[in-house]
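The chain contents come next:
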Amino acid sequence: MISTIVVVGGGQAGAQAIDTLRREGFTGRLLLIGDEPELPYQRPPLSKKYLSGELTADRLPFRHRAFYEEHRVELRLGLQAVALDPGARRVELADGEVLSYDRLLLALGSSVRRLICPGADLPGVHYLRTVADVMLIRAAIKPGRRAVIIGGGYIGLETAATCRYMGCEVTVLELADRVMNRVVAPCVSQFFEQEHRAQGIHISCNTRVTRLEGAGCVEHVVCADGSKVAADLVIVGVGAIATTALASAAGLACDNGIIVDEYCRTSDEAIFAAGDCCNHPSLRFGRRVRIESVDNAFEQAKSAAFNLLDRKIAHDRVPWFWSDQYDCKLLIAGLSEDYDRQVLRGDPATRSFSVCYLKGSELIAVEAVNHSKDYMAGRKLIAERAQMNLAKLANPDLAIKDAVAELA
Amino acid sequence: MPRITFIEPSGERRVINAPIGISLMEAAVQNGVQGILALCGGACACGTCHVYVEATWFPRLEAREEMEEGMLECAWEPRGNSRLSCQIHVTADLEGLEVTVPQRQGVI
């Protein structure tokens, strides 16, 4: 009998699992452990409207405190789970409390990848992952200050846009030859580089940071070619890594995330995992994936909650992502790795276009800039493994759904 | 605070007092209205806060923008009176508004 479920992790996945467990009738003891002091909150606004101050702190939490009381969820916030004993089915918290469980959900999330170079720990060097991080950055941002962003991915570019909006002089340093190179097509990178430059941001690609310098506080970022960029503050956005220390120390199988099956079960039968921290089989894409997205955290946690209650549900969704930069919305459906061809729909100069990725003639991903129609149609057709007619797909005047190949 | 009625997927009528200045989606989520998922938190990126606006109210709301139109086209069972509740701002004028939450959210 399952009388106690412990959820470790107070992010999107942890909060969703709690919600689903109660909604699906779990009446036993339910605990939520989060290492941040805040109630579980939405992370996406952190680099955008929360950083700019347009969204106040009270609008970040998924649920008010009353929700947890009403649903008899015992909260342990601001406390890290420091040890896990799968044999004894016990988890130990930083304050020494030991909790026994019948089932455990690890929703540990991901952690920022740290910059490793001399000077990386100077005051004035920031990362952006938590509310606490944002409070520090916000305090450092003032009109006219020089913000240097290391990393031109989602977080780097969203933060660059927000810093610019708040009046900073902004430079983005990117190691690769274009921004967002791991997640979007070259024409999409180019579009966003142009948007940022038009807003007065300096973007420098093919740029390796070798050290940070400053007397007491960061003052310069030094690049491999010897150039120096003056900085009043530095924000590092060079990716995230799965948070797995608790799991791997307990002997659970980990490899770029905690290894789970399609039912979110780890190598221990009483322990499940969901969200950024886990590495799961994608039935749709035929390989193991680790996905950092709100949607995956939500859906996988929901599936995990059912499986925690022995109601088998496979997690198999088409992932989706979005990014807001200025008034441009990037919407991505599916996973674009391992494609055979890209098809551009529309003209980037119109500021509304999309790129479709095909494997053979099967649609596997869509990247849409200010084009919600192609993105939503893409989400549907990717799940359906639709085969596309290339000529029709390349015609932006035809809806994607009307470019599905006729069956022979 | 205007009183707004949500008819949940179960058929239950939920009347909430919606704070002015936030979106209809946020008001629904804060009050635990069933069936509003709002995964993207109001960025008009997920299509999971879909509602059907009561016919007489529909023309009284600000019109849908292109981004919202595109999101709704492939939402679960879109209708002429479909809206994303994250794109509706709560004002005093919404006193008495009635919306119905669809049976499902998302694309399929």
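Residues numbered from 1 in each chain as written. Chains lettered and ligands numbered in written order. Predicted model: local features only at pLDDT ≥ 70, side-chain atom pairs only at ≥ 80, totals over all residues.

Participant: Can you walk me through the overall build of chain B in this structure?
Facilitator: A count of helical and extended segments in chain B gives two helices and five strands. Traced from its N-terminal end to its C-terminal end, chain B shows the element sequence β-β-α-β-α-β-β. Relative to the globule expectation of 13 Å for 108 residues, the C-alpha radius of gyration of chain B, 12 Å, shows essentially globular dimensions. In terms of its C-alpha atoms, chain B occupies a principal-axis envelope of roughly 35 × 30 × 25 Å. Put simply, chain B has 108 residues, and 45% of those count as buried. Summarising the internal contacts of chain B: among those between residues at least 6 apart in sequence, 65% fall at separations of at least 24. (Helix = DSSP H or I, 4+ residues; strand = E, 2+ residues; numbered from the N terminus. Rg over C-alpha atoms; globule rule 2.2 N^0.38 Å. Buried ≥ 20, exposed ≤ 12 C-beta atoms within 10 Å, placed from the backbone. Contact = placed C-beta atoms within 7 Å.)

Participant: How should the overall build of chain A be read in this particular structure?
Facilitator: Helices and strands together make up the secondary structure of chain A, namely 10 helices and 26 strands. In terms of overall dimensions, chain A is globule-like: its C-alpha atoms have a radius of gyration of 22 Å, near the 22 Å expected for 408 residues. In terms of overall dimensions, chain A has a C-alpha envelope of 70 × 60 × 35 Å along the principal axes. Here chain A holds 408 residues, and 46% of them are scored as buried. Summarising the internal contacts of chain A: among those between residues at least 6 apart in sequence, 60% fall at separations of at least 24.

Participant: Mind showing me how you'd approach the interface of chain B and chain A here?
Facilitator: By convention, interface size is frequently given as the accessible area that disappears when the constituent parts associate. Contact residues are listed per partner, giving 15 residues for chain B and 20 residues for chain A. Among the elements that make up the side of chain B that touches chain A, the one with the highest residue count is helix H2 (residues 66-73) of chain B (four residues). Grouping the constituent residues of the side of chain B that touches chain A by class yields nine nonpolar, four polar and two charged. (Nonpolar A, V, L, I, M, F, W, Y, C, P; charged D, E, K, R; others polar.)

Participant: I'm lost on helix H5 (residues 154-165) of chain A in this one. Help?
Facilitator: Helical geometry: 3.6 residues make up each α-helical turn, so side chains three or four residues apart lie on a common side. With 12 residues, H5 of chain A extends 16 Å between its outermost C-alpha atoms, agreeing within 8% with the 16 Å of an ideal straight helix rising 1.5 Å per residue. Burial of H5 of chain A is extensive: 10 of the 12 residues sit out of reach of the surface. (Expected span 1.5 Å × (residues − 1).)

Participant: Is there a simple way to explain the sheet that holds strand E2 (residues 13-17) of chain B in this structure?
Facilitator: Backbone-to-backbone hydrogen bonds pair the strands of a sheet. The strands run either parallel or antiparallel. Residues and elements named next belong to chain B. Strand order in this open sheet of five strands is E2-E1-E5-E3-E4, and the pairing throughout is mixed. Each edge of the open sheet is held by one strand with a lone partner, namely E2 and strand E4 (82-84). Across the sheet, the axes of successive neighbouring strands diverge by a mean angle of 35 degrees, strand direction being ignored. Sheet topology places strand E1 (residues 3-7) next to E2; five bridges connect them, and they run antiparallel. Residue pairing for E2: Thr5 is matched across the bridge by Val15. (Pairing = 2+ DSSP bridges. Axes fitted to C-alpha atoms, helices over the stretch in contact; angles between N-to-C directions.)

Participant: Which parts of the structure should I look at to understand the environment of Val7 of chain A?
Facilitator: Residue and element names in this part refer to chain A. Turning to its location among the elements, Val7 is positioned in strand E1 (residues 4-8). Counting along the chain gives 13 residues from Val7 to Thr20, while the straight-line C-alpha distance between them is 12 Å. Once residues within four sequence positions are removed from consideration, Val7 is found in contact with Gly14, Ala17, Ile18, Leu31, Leu32, Ile33, Leu105 and Ala107.

Participant: Is there a simple way to think about the packing of helix H9 (residues 372-383) of chain A against H2 of chain B in this case?
Facilitator: Relative placement of two packed helices is described by the angle separating their axes and the distance separating the axes. Interhelical geometry of H9 of chain A versus H2 of chain B gives an angle of 15 degrees and a closest axis separation of 7 Å. By the angle between their directions, the pair H9 of chain A and H2 of chain B is classed as roughly parallel. Considering only the axes of H9 of chain A and H2 of chain B, their crossing is right-handed. In this structure, H9 of chain A contributes Ser372, Lys373 and Met376 of chain A to the contact, and H2 of chain B contributes Met67, Gly70, Met71 and Glu73 of chain B. Of the residues in the contact of H9 of chain A with H2 of chain B, the class split is three nonpolar, two polar and two charged. (Parallel < 35°, antiparallel > 145°, perpendicular 65-115°, else oblique. Left-handed = near helix turned anticlockwise from the far one by under 90°.)

Participant: Looking at this structure, I do not really get the packing of helix H1 (residues 12-23) of chain A against helix H8 (residues 294-308) of chain A. What am I missing?
Facilitator: Residues and elements named next belong to chain A. Two elements in contact, H1 and H8, have axes whose closest approach is 8 Å; the angle formed by their N-to-C orientations is 40 degrees. What the angle tells us is that H1 and H8 run oblique. Here H1 and H8 pass one another in a crossing that is right-handed. Across the interface between the two elements, Gln12, Ala13, Gln16, Ala17, Thr20 and Leu21 of H1 pack against Val294, Ala297, Phe298, Gln300, Ala301, Lys302, Ala304, Ala305 and Leu308 of H8. Among the residues forming the contact of H1 with H8, the class breakdown is 10 nonpolar, four polar and one charged.

Participant: What exactly am I supposed to notice about the domain arrangement of chain A here?
Facilitator: Residue and element names in this part refer to chain A. Looking at the assigned domains, one finds that chain A contains domain 1 (4-42 + 60-111 + 240-308), domain 2 (125-236) and domain 3 (327-403). Taken residue by residue, the interface counts seven residues in domain 2 and eight residues in domain 3. Taken together, the residues of the side of domain 2 that touches domain 3 break down into six nonpolar, no polar and one charged. (Domains from an automatic or database assignment.)

Participant: I tried to follow the nonpolar core on my own but got confused; where do I start?
Facilitator: One broad rule of soluble globular proteins: the nonpolar side chains tend to lie buried together. Residues and elements named next belong to chain A. Membership of the largest hydrophobic core comes to 149 residues, with the highest contact counts inside it found for Val8, Ala17, Leu105, Leu106, Ala107, Val234 and Ala274. Counting residues per element, this core draws most heavily on H8, which supplies seven residues. If we skip the residues at most four places from it in the chain, Leu105 touches Ile5, Val7, Val8, Ala17, Phe272, Ala273, Ala274, Ala304 and Leu308. (Core = buried A, V, L, I, M, F, W, Y, C linked by C-beta atoms within 7 Å.)

Participant: Would you explain the environment of Val188 of chain A in this entry?
Facilitator: Looking at where Val188 of chain A falls in the secondary structure, it is placed in helix H6 (residues 186-198). Among all residues touching Val188 of chain A, those that are not within four sequence positions of it are Val355, Glu367 and Val369 of chain A.

Participant: Is there a simple way to explain the pairing of strand E3 (residues 50-53) of chain B in this structure?
Facilitator: All names here are of chain B. Relative to E4, E3 runs antiparallel, the two sharing three bridges. Bridge pairing in E4 links Val51 to Arg83. As paired strands, E3 and strand E5 (residues 98-100) are joined by two bridges and run antiparallel to one another. Looking across to E5, one finds that Tyr52 is bridged to Thr100.

Participant: Mind showing me how you'd approach the sheet that holds strand E15 (residues 228-230) of chain A here?
Facilitator: Residue and element names in this part refer to chain A. Taken together, three strands build an open sheet; the order of strands is E13-E14-E15 and the sheet is antiparallel. Among the strands making up the open sheet, the edge pair consists of strand E13 (209-213) and E15. Adjacent strand axes in the sheet meet at a mean angle of 20 degrees, parallel and antiparallel pairs treated alike. As paired elements, E13 and strand E14 (residues 220-223) share four bridges and run antiparallel to each other. Across the sheet, Glu213 pairs through a bridge with His220, a residue of E14.

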